[in-house]
Amino acid sequence: MLNKSIPTIVLGGSGYVAAECLGLLLNHPYFRIESVVSTSQVGTRIDEVFPHLTGVAEDLTFTDLESAKPRLAGKRQVALFSAMPHGETARVLEELLAGGTSARVVDISADFRTSDAAEYEQIYGKPHEGPTLLPQFHFGLPDLDKETPEAMISHPGCFTTGITLAIAPLVANQLIEPQVQVSAITGSTGAGRQLGAGTHHPHRQSSMWAYQPLVHRHTPEIRRLLQAHAPDLTVAFVPHSGPFARGIHATCFATLRKPMSTAAVTDLISAFYAHTPFVKVAAGMPTLKEIVGSNRCHLGVAVSGNQVVITSVIDNLVKGAAGGAVQWMNRLFSLDEKEGLVNAVPGWI
């Protein structure tokens with residue numbers, strides 16, 4: 001039964017991640033969308049920009065930032081999702097939250113994934129525009145953090161999500177040497193909605209290439225999430241652009257400190273994630289088709305001597321972004337974290 005009792009605001013509403021977030025929220029039993037803020041589509045119906053939402057978003061139009069401000073004022077508890085572009089979120093949130101608010105915030109951009117403004121500038125090459133807010137954000141994955149922090153949430157990047165979920169059980173149990181190699185392939189939606197050579201169909205179709213090898217900005221995020229268990233962890237990460245729209249397939253290579261069987265490693269990972277319904281170890285090597293459209297992460301294990309390979313598949317728009325954000329927001333409002341996230345999804349997407 002739909003309750004729709006929690007007023008909800010989405011910032012950056014015309015991007016791919018925001019569209020995914022809107023789809024999840026429109027089907028969610030508790031969150032009620034009040035404002036969808038966009039700088040480029042003000043006054044336009046949402047289903048005109050996103051026709052796949054026709055029939056479920058007919059009464060919603062994009063609004064400007066000013067219209068959202070009164071909804072955040074005072075002690076009114078509001079769910080605020082920020083899916084704005086990297087570099088814009090910090091400035092906008094600092095403005096929106098300046099007067100004090102009881103809003104619970106989950107940010108899906110990269111603006112609050114670093115520990116301080118200097119680290120942000122080092123990674124992104126420009127000053128952070130909301131440094132006073134940085135200490136107020138908790139950076140984490142809901143499937144790793146069993147306790148819900150009393151803070152605003154910064155959700156990790158999509159590559160970070162898939163890779164960290166793959167290696168976290170081994171790192172946390174001190175089973176591997178602190179050097180990990182990763183090769184991961186992402187779909188074109190990972191590049192965002194703005195057109196470019198990397199998303200142009202004739203260029204991407206039937207092709208694949210590596211980019212930003214060993215210097216991708218998600219690498220420091222992986223290390224930060226796992227630093228409590230392995231402060232000297234190194235991750236040699238090579239991302240690739242793949243000829244599909246949705247999904248990430250990551251292959252992670254590591255060296256076991258002592259020989260273990262595939263079954264033993266599989267059992268350990270299963271036990272590590274027994275508390276979450278969203279991370280599972282597949283019977284064989286998982287495929288993108290089995291998780292696209294869902295908030296699940298499926299893992300596969302192969303061991304030979306001291307060498308271990310963990311494969312990880314997620315939907316970059318759902319588990320790697322909007323779905324993880326909704327999972328966090330469920331917990332911030334003391335809801336079951338599965339709410340709105342375990343619906344059947346189409347197969348063979």
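Further up the page is the structure itself.
The notes below deal with the structure included here. (Residues numbered from 1 in each chain as written. Predicted model: local features only at pLDDT ≥ 70, side-chain atom pairs only at ≥ 80, totals over all residues. Heavy atoms only, no water.)

### Overview of the overall build of the protein
Along the protein, the regular secondary structure elements total 10 helices and 14 strands. For the protein, the C-alpha radius of gyration of 20 Å lies close to 20 Å, the compact-globule estimate for 349 residues. Taking the principal axes of the C-alpha coordinates as reference, the protein spans close to 60 × 45 × 40 Å. Looking at the protein residue by residue over its 349 residues, the buried ones come to 51%. When the accessible surface of the protein is summed, it comes to about 15000 Å², and 53% of that surface belongs to carbon and sulfur atoms. (Helix = DSSP H or I, 4+ residues; strand = E, 2+ residues; numbered from the N terminus. Rg over C-alpha atoms; globule rule 2.2 N^0.38 Å. Buried < 20%, exposed > 50% of the residue type's maximum accessible area, 1.4 Å probe, protein only. Areas by Shrake-Rupley, 256 points an atom, 1.4 Å probe, with all protein chains shown as cover.)

### Re the layout of surface pockets
Each pocket or cavity is described by its volume, and for the second largest pocket that value is around 440 Å³. Every residue lining the second largest pocket is counted, 22 residues in all, and those nearest its centre are Glu20, Gly23, Leu24, Asn27 and Gly293. At 5 residues, helix α1 (residues 16-26) tops the list of elements feeding residues into the lining of the second largest pocket. Split into classes, the residues belonging to the lining of the second largest pocket amount to 12 nonpolar, 8 polar and 2 charged. (1 Å grid on protein atoms, 1.4 Å probe; cavity = no way out; pocket = protein on both sides within 12 Å on 5 of 7 lines; lining within 4 Å. Points joined across faces, edges and corners; volume = space filled by probe spheres on them. Nonpolar A, V, L, I, M, F, W, Y, C, P; charged D, E, K, R; others polar.)

### Section: the packing of helix α6 (residues 158-172) against helix α8 (residues 219-226)
At a closest axis distance of 10 Å, the pairing of α6 and α8 adopts a crossing angle of 35°. For the element pair α6 and α8, the recorded crossing hand is right-handed. Across the interface between the two elements, Thr160, Ile163, Thr164, Ile167, Ala168 and Val171 of α6 pack against Glu221, Ile222, Leu225 and Leu226 of α8. Class assignment of the residues belonging to the contact of α6 with α8 gives a composition of 7 nonpolar, 2 polar and 1 charged. (Axes fitted to C-alpha atoms, helices over the stretch in contact; angles between N-to-C directions. Left-handed = near helix turned anticlockwise from the far one by under 90°. Contact = heavy atoms within 4.5 Å.)

### Some remarks on the sheet that holds strand β1 (residues 6-11)
Reading across the sheet, the 7 strands line up as β3-β2-β1-β4-β5-β7-β6 and stay open at both edges, with parallel pairing between neighbours. Either end of the sheet is taken by a strand with one partner, and the two such strands are β3 (62-63) and β6 (137-139). With 2 bridges connecting them, strand β2 (residues 31-37) and β3 associate as parallel partners. Counted as the bridge partner of Val36 is Phe62 from β3. (Pairing = 2+ DSSP bridges.)

### Topic: the packing of α1 against helix α10 (residues 318-332)
When two helices pack together, their arrangement is given by the angle between the helix axes and by the axis-to-axis distance. Interhelical geometry of α1 versus α10 gives an angle of 45° and a closest axis separation of 9 Å. The orientation of α1 relative to α10 falls into the category oblique. When you trace α1 past α10, the crossing you get is right-handed. Where α1 approaches α10, its residues Val17, Glu20, Cys21, Leu24 and Leu25 are matched on the opposing element by Val318, Ala321, Ala322, Gly323 and Val326. A class-by-class count of the residues in the contact of α1 with α10 yields 8 nonpolar, 1 polar and 1 charged. (Parallel < 35°, antiparallel > 145°, perpendicular 65-115°, else oblique.)

### A word on the packing of aromatic side chains
For the coordinates displayed, the defined rule picks out 7 aromatic pairs. With centroids separated by 5.1 Å and ring planes inclined at 70°, the aromatic side chains of Phe159 and Phe237 adopt a geometry described as edge-to-face. Within this pair, whereas Phe159 is found in helix α6, its partner Phe237 is found in strand β10 (residues 234-241), the two being separated by 78 residues in sequence. Assigned by exposure class, Phe159 and Phe237 land together as buried. (Phe/Tyr/Trp six-rings, centres within 6.5 Å; stacked < 30°, edge-to-face > 60°.)

### Quick look at α1
Of all 11 residues making up α1, 8 are buried, and the element is well covered by its neighbours. Residues of α1 that are buried include every one of Ala18, Ala19, Glu20, Cys21, Leu22, Gly23, Leu24 and Leu25, and no others. Those residues of α1 hidden inside the fold are in contact with β1, β2, α2 (46-49), β4 (79-82) and α10.

### Brief notes about the pairing of strand β14 (residues 307-314)
Of all 8 residues in β14, 6 are buried, a share of seventy percent or more. Taken together, the 8 bridges between strand β11 (residues 248-255) and β14 define a ladder with antiparallel strand orientation. In the strand pairing of β14, His249 is matched with Val313. Strand direction decides the pairing type here: strand β13 (residues 297-304) and β14, joined by 7 bridges, are antiparallel.

### A short note on empty space enclosed by the protein
Taken as a whole, this structure holds 1 cavity of 30 Å³ or more when the rule is applied. Elements with a contribution of two residues or more to the lining of the largest cavity: α5 (117-124) and α8. It is α5 that provides the largest number of residues to the lining of the largest cavity, a total of 3 residues. Broken down by class, the residue content of the lining of the largest cavity amounts to 4 nonpolar, 1 polar and 4 charged.

On their own, these measurements won't tell you what the molecule is for.
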